[in-house]
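# Secondary and tertiary structure notes
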Amino acid sequence: MNLLRIEETLSAAHLRLAAAQIERLDWARCVERYDRPHTFFYMDPPYLETEGYGVPFPLGQYERMAATMRALQGKAIVSINDHPTIREIFAGFQMEELTIDYTVGGGGKAARRGELLIYSWDRRLEPAGLF
């Protein structure tokens with residue numbers, strides 16, 4: 001961060017976020033409320049078979065998310081852990097595999113994990129540079 005340009009940086013962030021809508025809703029209610037052809041959803045559900053979120057998210061929620069994505073008017077990306085069950089539930093969607101180094105708690109103990117980005121649309125059909 002360049003402190004000499006903080007005002008410019010904050011002004012640019014303000015302009016980008018001025019029209020953003022942030023809600024604290026159940027994910028399905030949020031999609032139901034805002035799904036339009038021009039809407040983009042970023043979905044980051046709890047990772048399957050990972051403890052510590054403090055929010056129940058049973059297997060049926062992932063299945064519901066996949067079904068919802070199949071019927072979207074807008075577009076969505078899901079970021080989730082790379083797990084065989086997730087791949088099965090979201091079969092048919094374009095998926096991008098990523099490798100992430102997690103450093104929970106610091107101390108230089110990074111753990112390499114697989115992650116998926118799942119797209120509700122076929123990105124290969126988009127003009128380059130849109131997403």
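Up top is the structure.
Note that the structure is a prediction, hence the values are computed from the model and not measured. (Residues numbered from 1 in each chain as written. Predicted model: local features only at pLDDT ≥ 70, side-chain atom pairs only at ≥ 80, totals over all residues. Heavy atoms only, no water.)

### Remarks on helix H2 (residues 27-34)
Looking only at H2, the buried set comprises Trp27, Ala28 and Val31. Taken end-on, H2 shows its buried residues confined to a sector of 100 degrees, consistent with a single buried face. Looking at the buried residues of H2, the elements they touch are strand E1 (40-43) and helix H3 (59-70). (Buried < 20%, exposed > 50% of the residue type's maximum accessible area, 1.4 Å probe, protein only. Helix = DSSP H or I, 4+ residues; strand = E, 2+ residues; numbered from the N terminus. Arc of directions from axis to C-beta. Contact = heavy atoms within 4.5 Å.)

### So, the packing of H2 against H3
Between H2 and H3, the least distance of the axes is 11 Å, while the angle of their chain directions is 15 degrees. Looking at the two axes, H2 sits roughly parallel to H3. Where H2 crosses over H3, the handedness of that crossing is left-handed. Only Gln61, Arg64, Met65 and Thr68 of H3 make contact with H2, whose side of the interface consists of Trp27, Ala28 and Val31. Residues belonging to the contact of H2 with H3 are distributed by class as follows: 4 nonpolar, 2 polar and 1 charged. (Axes fitted to C-alpha atoms, helices over the stretch in contact; angles between N-to-C directions. Parallel < 35°, antiparallel > 145°, perpendicular 65-115°, else oblique. Left-handed = near helix turned anticlockwise from the far one by under 90°. Nonpolar A, V, L, I, M, F, W, Y, C, P; charged D, E, K, R; others polar.)

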